[in-house]
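These are the residues of each chain, in order.
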Amino acid sequence: MAGTVTHNLPPATGGRPGKPLIVTEDVDLLDDLLRLCAAAGATPEVHHSVPERRGSWETAPLVLVGDDAARRVRRAVRRRGVVLVGRDQDDSGVWQRAVEIGADHVLMLPDGEQWLVDRIADVAEGVGRPALTVGVIGGRGGAGASTLACALAVTSAREGLRTLLVDADPLGGGLDVLLGGESAEGLRWPAFAASRGRVGGGALEESLPRLHSLRVLSWDRGDCVAIAPQAVRAVLAAARRRGGTVVVDLPRRIDDGVAEVLAQLDLGLLVVPAELRAVAAGGRVASAVGMVVRDLRVAVRGPYAPGLDDTQVAGLLGLPLAGEVPVESGLLRPDGGKAPPGANARGPLARFCKEFWERALTEAGGS
């Protein structure tokens, strides 16, 4: 069991790994906490009460206080990121003790072990602000969603942000091809098919192909066309923990794996060509996606049918307008003969993407 006392988050570590602090004299509880720290890849600092060394209590990114030590830490400086850990599920007094020490959470073992491992692992990885995660989906086939997804990722990387481009469409031919890197070394989706639980963010990043200063998770040319929802959830959660931006190219069909992706998006872009049939098709896609994605916007692509403009398309769909996606010639061919989408920093597509990121990151509270 894990219960929340307050809604405060633990202090951000600024991307630097930190050591959790354990405060307990309970030998059995300490053994369990050390085991969970080892499973999460973290080496803790252990004390029986508030550390005498100045700053240790205040600066540890996560403090695990055994229920036996609650009285000994009541006079400690109040801070975020304190978890009160016990074993007695029927002890109602634990909540009062948690309030007395200013704990964010109350956790009971063994039920809360996985939650605690995840929390400790966040500390071990130096997790700060999660990645701004944007999904791009076409209102109809051939709308240009993959092109826009690639351009957004290339632009994000050029602006100096840690960037991961995720290909969530197994039937799309592979975004690594669109980026000219189908032969680049690194893992593809099938390698993560058996992933369960937690995937290390740093290990994920290092395992993927690096193209145009960004990491790409794409499909190979094999027969695997589906990944279990649990694996999709674990991989995307790991990507988000690394910070920066994550761009996902989404298929128009919504299965269980895609639903896992949609649930982790901060923002969705529906790419709709400005013609009536595309608007009608886009409306059906918006109805399905909008049930999960809390912030769905439309990106309109010309040329425009008579009587239509971008604001009218957005009005017909009932969605906020993200802007008009410009058409840009000279993009990458399958033979790799030209630049990938967004590579020309002065081109109209790159300018659209740069302006999009400036707005989105400002809305999210900074990069």
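The rules behind these values
Residues numbered from 1 in each chain as written. Predicted model: local features only at pLDDT ≥ 70, side-chain atom pairs only at ≥ 80, totals over all residues. Heavy atoms only, no water. 1 Å grid on protein atoms, 1.4 Å probe; cavity = no way out; pocket = protein on both sides within 12 Å on 5 of 7 lines; lining within 4 Å. Points joined across faces, edges and corners; volume = space filled by probe spheres on them. Helix = DSSP H or I, 4+ residues; strand = E, 2+ residues; numbered from the N terminus. Pairing = 2+ DSSP bridges. Contact = heavy atoms within 4.5 Å. Axes fitted to C-alpha atoms, helices over the stretch in contact; angles between N-to-C directions. Core = buried A, V, L, I, M, F, W, Y, C linked by side-chain atoms within 4.5 Å. Buried < 20%, exposed > 50% of the residue type's maximum accessible area, 1.4 Å probe, protein only. Disulfide = S-S within 2.5 Å. Phe/Tyr/Trp six-rings, centres within 6.5 Å; stacked < 30°, edge-to-face > 60°. Parallel < 35°, antiparallel > 145°, perpendicular 65-115°, else oblique. Left-handed = near helix turned anticlockwise from the far one by under 90°.

S.K.: So what exactly am I meant to see when it comes to empty space enclosed by the protein here?
M.R.: Taken as a whole and assessed by the stated rule, the structure comprises 1 cavity of 30 Å³ or more. Within this model, the largest cavity holds a volume of roughly 90 Å³. As for the largest cavity, its lining consists of 13 residues, of which Arg 162, Leu 164, Glu 205, Ala 239 and Arg 242 are closest to the centre. When residues of the lining of the largest cavity are traced back to their parent elements, those giving at least two are strand 8 (163–167), helix 7 (201–207) and strand 11 (245–250). Take the lining of the largest cavity: its biggest share by element is 3 residues, from helix 7.

S.K.: Got a minute to help me understand the sheet that holds strand 10 (residues 214–217) in this structure?
M.R.: Sheet strands pair via backbone hydrogen bonds, and the direction of the pair is either parallel or antiparallel. Strand order in the open sheet formed by 8 strands is 9-10-8-11-7-12-13-14, and the pairing between neighbours is mixed. Only two strands of the sheet have a single partner each, and these edge strands are strand 9 (210–211) and strand 14 (321–325). Bridge count between strand 7 (residues 132–138) and strand 12 (residues 267–273): 5 bridges; the pairing is parallel. The residue bridging Val 134 from the neighbouring strand is Leu 267, located in strand 12. Contacts from helix 5 (residues 145–158) reach strand 7, strand 8, strand 10, strand 11, strand 12, strand 13 (296–301) and strand 14 within the one sheet, and its direction differs from that of strand 11 by about 170°.

S.K.: Please clarify how the nonpolar core should be interpreted in this entry.
M.R.: Val 248, Leu 250 and Leu 270 are the most contacted members of the largest nonpolar core, which totals 44 residues. Of all the secondary structure elements, the ones that give two or more residues to this core are strand 8, helix 8 (229–241), strand 11, helix 9 (256–263), strand 12, helix 10 (276–289), strand 13 and helix 11 (310–317). Ranked by residues supplied to this core, first place goes to helix 8 with 7 residues. In this view, Val 248 contacts Thr 133, Val 134, Gly 135, Val 136, Val 166, Ala 168, Leu 236, Val 261 and Leu 265; residues no more than four positions away in its chain are not counted. One finds Leu 132, Leu 148, Cys 150 and Ala 360 within the second-largest nonpolar core, a separate group that totals 34 residues.

S.K.: Even after reading the chapter, I still don't get the state of the cysteines, so can you show me in this structure?
M.R.: A disulfide bridge is the covalent bond that connects two cysteines by way of their sulfur atoms. Taken as a whole and assessed by the stated rule, the structure comprises 0 disulfides. Take Cys 150: it sits in no disulfide, and the sulfur closest to it among the cysteines is that of Cys 353, at 10 Å.

S.K.: Whenever I open this one, the packing of aromatic side chains confuses me. Can you help?
M.R.: Given two aromatic rings, their pairing is described by the distance between the two centres and the angle made by the two planes. Summed over the entire model, instances satisfying the criterion amount to 2 aromatic pairs. With centroids separated by 6.0 Å and ring planes inclined at 35°, the aromatic side chains of Trp 189 and Trp 219 adopt a geometry described as tilted. Residue Trp 189 is found in the loop between helix 6 (175–178) and helix 7, and its partner Trp 219 is found in the loop between strand 10 and helix 8; the two are separated by 30 residues along the sequence.

S.K.: In this structure, what is going on with the packing of helix 8 against helix 9? I would like to understand it.
M.R.: The description of two packed helices rests on the angle between their axes and on the distance between the axes. Between helix 8 and helix 9, whose axes approach to 8 Å, the crossing angle comes to 25°. On the basis of their axis angle, the class for helix 8 and helix 9 is roughly parallel. The interaxial crossing formed by helix 8 with helix 9 has right-handed handedness. Together, Pro 229, Val 232, Arg 233 and Leu 236 of helix 8 and Asp 256, Gly 257, Glu 260 and Val 261 of helix 9 make up the contact between the two elements.

S.K.: Explain the environment of Ala 69 here, please?
M.R.: Following the sequence through the fold, Ala 69 ends up in the loop between strand 4 (63–66) and strand 5 (82–86). Residue classification places Ala 69 among the buried positions, given a relative accessible area of 0%. Linking Ala 69 and Val 50, residues 19 residues apart in sequence, is a C-alpha distance of 9.1 Å. Excluding its chain neighbours within four sequence positions, the residues that come into contact with Ala 69 are Val 23, Thr 24 and His 48.

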